[in-house]
Amino acid sequence: MFDRILIPTDGSDPSKPAVEMALNLAESHDATLHVLYIVDQPTSVSGMGEGFSGLDDLLDALEERGQQATKAVVEQARERDIETTAAVRRGNPHDDILSYAEDNDIDVIVMGTHGRTGVKRALLGSVTENVVRHSEIPVLTVHRDPEE
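Every value quoted in this text rests on a predicted model; they were computed, and no experiment measured them.

A few words on the overall build of the chain. Tallying secondary structure elements over the chain gives 5 helices and 5 strands in all. Secondary structure elements of the chain occur, N-terminal to C-terminal, as β-α-β-α-β-α-β-α-α-β. The buried share among the 148 residues of the chain stands at 37%. In the chain, of all internal contacts separated by at least 6 residues, the share reaching a separation of at least 24 is 78%. Carbon and sulfur atoms make up 46% of the accessible area of the chain, which amounts to about 8800 Å² in all.

Next comes the structure, spelled out in C-alpha coordinates:
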(Lines give C-alpha, C1' and ligand atoms only; values in the text may rest on other atoms or scores of the structure.)
Protein backbone atom coordinates (compact mmCIF):
# COMPACT_ATOMS: atom_id res chain seq x y z
CA MET A 1 0.00 0.00 0.00
CA PHE A 2 2.80 2.42 0.90
CA ASP A 3 6.01 2.29 -1.12
CA ARG A 4 7.36 5.75 -0.31
CA ILE A 5 6.81 7.40 3.08
CA LEU A 6 7.84 10.96 3.91
CA ILE A 7 8.75 12.03 7.42
CA PRO A 8 9.47 15.74 7.67
CA THR A 9 11.38 16.34 10.89
CA ASP A 10 12.78 19.23 12.83
CA GLY A 11 14.77 17.01 15.18
CA SER A 12 12.74 18.07 18.21
CA ASP A 13 11.40 15.86 20.98
CA PRO A 14 7.78 16.37 19.81
CA SER A 15 8.73 14.91 16.42
CA LYS A 16 9.99 11.63 17.94
CA PRO A 17 6.58 9.86 18.07
CA ALA A 18 6.01 10.71 14.39
CA VAL A 19 9.47 9.40 13.50
CA GLU A 20 8.74 6.15 15.32
CA MET A 21 5.40 5.81 13.50
CA ALA A 22 7.08 6.46 10.14
CA LEU A 23 9.75 3.85 10.91
CA ASN A 24 7.08 1.31 11.88
CA LEU A 25 5.09 1.99 8.71
CA ALA A 26 8.15 1.77 6.49
CA GLU A 27 9.21 -1.47 8.14
CA SER A 28 5.79 -3.11 7.90
CA HIS A 29 5.28 -2.05 4.25
CA ASP A 30 8.89 -2.60 3.16
CA ALA A 31 8.80 1.02 2.00
CA THR A 32 11.49 3.59 1.36
CA LEU A 33 11.55 6.26 4.06
CA HIS A 34 12.21 9.81 2.87
CA VAL A 35 13.53 12.01 5.68
CA LEU A 36 13.18 15.74 5.08
CA TYR A 37 14.28 18.82 7.01
CA ILE A 38 13.30 22.29 5.80
CA VAL A 39 15.27 25.34 6.90
CA ASP A 40 12.63 28.05 7.12
CA GLN A 41 14.19 30.68 4.89
CA PRO A 42 12.55 34.10 4.93
CA THR A 43 11.72 35.41 1.48
CA SER A 44 12.74 38.91 2.48
CA VAL A 45 14.21 40.48 5.55
CA SER A 46 13.26 44.10 6.14
CA GLY A 47 16.28 46.40 6.15
CA MET A 48 18.77 43.71 5.18
CA GLY A 49 20.18 43.21 1.75
CA GLU A 50 20.97 39.92 0.07
CA GLY A 51 24.04 38.23 1.44
CA PHE A 52 23.58 39.63 4.95
CA SER A 53 26.28 37.67 6.79
CA GLY A 54 24.35 37.26 10.04
CA LEU A 55 21.40 35.75 8.22
CA ASP A 56 23.64 33.59 6.06
CA ASP A 57 25.44 32.30 9.17
CA LEU A 58 22.12 31.52 10.85
CA LEU A 59 20.80 29.67 7.81
CA ASP A 60 24.06 27.70 7.55
CA ALA A 61 23.77 26.73 11.22
CA LEU A 62 20.15 25.66 10.72
CA GLU A 63 21.16 23.62 7.69
CA GLU A 64 23.80 21.85 9.79
CA ARG A 65 21.13 21.16 12.42
CA GLY A 66 18.99 19.71 9.64
CA GLN A 67 21.83 17.43 8.54
CA GLN A 68 22.13 16.14 12.12
CA ALA A 69 18.35 15.65 12.46
CA THR A 70 18.02 13.71 9.21
CA LYS A 71 21.14 11.66 9.97
CA ALA A 72 19.66 10.57 13.31
CA VAL A 73 16.50 9.27 11.61
CA VAL A 74 18.48 7.59 8.82
CA GLU A 75 20.60 5.78 11.43
CA GLN A 76 17.46 4.53 13.21
CA ALA A 77 16.08 3.32 9.89
CA ARG A 78 19.29 1.52 8.93
CA GLU A 79 19.25 -0.34 12.24
CA ARG A 80 15.89 -1.75 11.08
CA ASP A 81 17.04 -2.39 7.47
CA ILE A 82 14.77 0.34 6.08
CA GLU A 83 15.88 1.96 2.84
CA THR A 84 16.18 5.72 3.26
CA THR A 85 16.63 8.94 1.35
CA ALA A 86 17.44 12.16 3.20
CA ALA A 87 17.28 15.79 2.14
CA VAL A 88 17.80 19.20 3.72
CA ARG A 89 16.30 22.15 1.87
CA ARG A 90 15.83 25.86 2.40
CA GLY A 91 12.42 27.39 1.85
CA ASN A 92 8.88 27.56 3.16
CA PRO A 93 8.28 24.41 5.25
CA HIS A 94 4.72 23.48 4.29
CA ASP A 95 5.16 24.40 0.61
CA ASP A 96 8.44 22.52 0.32
CA ILE A 97 7.08 19.44 2.11
CA LEU A 98 4.23 19.29 -0.41
CA SER A 99 6.58 19.91 -3.35
CA TYR A 100 8.95 17.21 -2.15
CA ALA A 101 6.06 14.77 -1.78
CA GLU A 102 4.86 15.47 -5.32
CA ASP A 103 8.34 15.38 -6.86
CA ASN A 104 9.13 12.04 -5.20
CA ASP A 105 5.75 10.35 -5.71
CA ILE A 106 5.25 9.95 -1.95
CA ASP A 107 2.34 7.76 -0.85
CA VAL A 108 1.85 9.10 2.67
CA ILE A 109 3.29 11.92 4.80
CA VAL A 110 3.78 11.25 8.52
CA MET A 111 3.97 14.36 10.70
CA GLY A 112 3.98 15.15 14.37
CA THR A 113 1.88 17.74 16.10
CA HIS A 114 3.33 19.89 18.84
CA GLY A 115 0.18 19.72 20.92
CA ARG A 116 -0.26 23.47 21.16
CA THR A 117 -3.65 24.71 22.24
CA GLY A 118 -5.39 28.05 22.60
CA VAL A 119 -3.39 31.22 22.09
CA LYS A 120 -0.09 29.44 21.37
CA ARG A 121 -1.72 27.54 18.50
CA ALA A 122 -3.36 30.68 17.12
CA LEU A 123 -0.15 32.73 17.26
CA LEU A 124 2.34 30.15 16.08
CA GLY A 125 0.26 28.35 13.47
CA SER A 126 1.19 24.90 12.35
CA VAL A 127 3.21 23.50 9.48
CA THR A 128 1.40 20.20 9.98
CA GLU A 129 -1.99 21.91 9.78
CA ASN A 130 -1.04 23.61 6.51
CA VAL A 131 0.22 20.35 5.02
CA VAL A 132 -2.99 18.55 6.04
CA ARG A 133 -5.13 21.28 4.50
CA HIS A 134 -3.30 21.39 1.17
CA SER A 135 -2.02 17.85 0.61
CA GLU A 136 -3.52 15.71 -2.13
CA ILE A 137 -2.12 12.55 -0.52
CA PRO A 138 -2.84 11.11 2.93
CA VAL A 139 -1.19 12.79 5.91
CA LEU A 140 -0.91 10.78 9.09
CA THR A 141 -0.64 13.07 12.11
CA VAL A 142 0.90 11.72 15.29
CA HIS A 143 -0.05 13.56 18.45
CA ARG A 144 1.88 14.05 21.61
CA ASP A 145 0.71 15.33 24.97
CA PRO A 146 -0.40 18.99 24.88
CA GLU A 147 1.94 21.56 26.35
CA GLU A 148 1.11 22.34 29.93
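Core analysis: the largest hydrophobic core is formed by 19 residues, its most contacted members being I5, I7, L33 and V110. Secondary structure elements with two or more residues in this core: β1 (4-8), α1 (16-29), β2 (32-40), α2 (53-79) and β4 (108-112). Among the elements that line this core, the one with the most residues is α1, at 6 residues. Ignoring sequence-local partners within four residues, the contact set of I5 consists of A22, L25, A26, A31, T32, L33, H34, I106, V108 and V110. By size, the runner-up hydrophobic cluster in this structure holds 12 residues, among which are A87, I97, L98 and V131.

Looking now at the pattern of salt bridges. Side chains carrying opposite charge are able to pair once their charged atoms draw close together. With the rule as written, the count across this model stands at 8 salt bridges. Notably, a salt bridge pairs E20 with R80, separated by 3.1 Å at the nearest N-O pair. Taken as a pair, E20 in helix α1 and R80 in the loop between α2 and β3 (84-91) lie far apart in primary sequence, 60 residues in all. The class for E20 is partly exposed, based on a relative accessible area of 35%.

Quick look at the sheet that holds β4 now. A sheet is described by the order of its strands in space; here 5 strands give the open sequence β3-β2-β1-β4-β5, paired in parallel fashion. With one partner strand each, in any of the chains shown, β3 and β5 (139-142) form the two edges of the open sheet. Pairs of neighbouring strands in the sheet enclose a mean axial angle of 25°, with direction left out of account. Sheet analysis places β1 next to β4, joined by 2 bridges and oriented parallel. Each residue of the ladder has a partner; that of L6, found in β4, is I109. Against the sheet, helix α5 (residues 127-134) makes contact with β4 and β5, and its axis sits at roughly 155° relative to β4, the strand it touches most.

Axis separation between helix α3 (residues 93-103) and α5 bottoms out at 9 Å; the angle between their running directions is 45°. Considering the angle they form, α3 stands oblique to α5. For α3 against α5, the interelement crossing comes out right-handed. Residues P93, H94, I97 and L98 of α3 form the contact with α5, whose own contacting residues are V127, N130, V131 and H134. A class-by-class count of the residues in the contact of α3 with α5 yields 5 nonpolar, 3 polar and no charged.

A negative phi angle is the norm for most residues apart from glycine, just as the trans form is the norm for most peptide bonds. One non-glycine residue with positive phi stands out, namely D30, at about 50°. For D30, a relative accessible area of 70% puts it in the exposed group. Notably, D81 is not glycine yet its phi reads approximately 60°, a positive angle. Its location among the elements puts D81 in the loop between α2 and β3. Overall, the relative accessible area of 72% leaves D81 in the exposed class.

Conventions used here
Residue numbering note: each chain is counted from 1, following its sequence as written. Totals for whole chains, interfaces and linings use every residue, but because this is a predicted model, local features are given only for residues with pLDDT of at least 70 and side-chain atom pairs only at 80 or more, for both listing and counting. Water and hydrogen atoms play no part in the side-chain values, which are based on all heavy atoms of the structure. In DSSP terms, a helix is any run of H or I states spanning at least four residues, a strand is any run of E spanning at least two, and both are numbered starting from the N terminus. Summary of the burial criterion: residues with accessible area below 20% of their type's maximum are buried, those above 50% are exposed, and those between are partly exposed, where the area comes from a 1.4 Å probe applied to protein chains only. In what follows, a contact means two residues having at least one pair of non-hydrogen atoms within 4.5 Å. To measure how exposed things are, a 1.4 Å probe is used in the Shrake-Rupley method; for residues, cover is taken only from the protein chains shown. Throughout, nonpolar core names a set of buried Ala, Val, Leu, Ile, Met, Phe, Trp, Tyr and Cys residues whose side chains join them through atoms within 4.5 Å. The salt bridge criterion pairs a side-chain nitrogen of Lys or Arg with a carboxyl oxygen of Asp or Glu, the two atoms within 4 Å. Two strands qualify as a pair provided that DSSP identifies no fewer than 2 bridges between them. Every angle, taken between N-to-C directions, lies between 0 and 180 degrees, and every axis is a line fitted to C-alpha atoms, over only the stretch in contact when it is a helix. Roughly parallel means an angle under 35 degrees; roughly antiparallel means over 145; roughly perpendicular covers 65 to 115; every other angle is labelled oblique. For a crossing to be left-handed, the near helix must be turned anticlockwise from the far one by less than a right angle; the clockwise case is right-handed. Here the nonpolar group is Ala, Val, Leu, Ile, Met, Phe, Trp, Tyr, Cys and Pro; Asp, Glu, Lys and Arg are the charged ones; every other residue, Gly included, is treated as polar.

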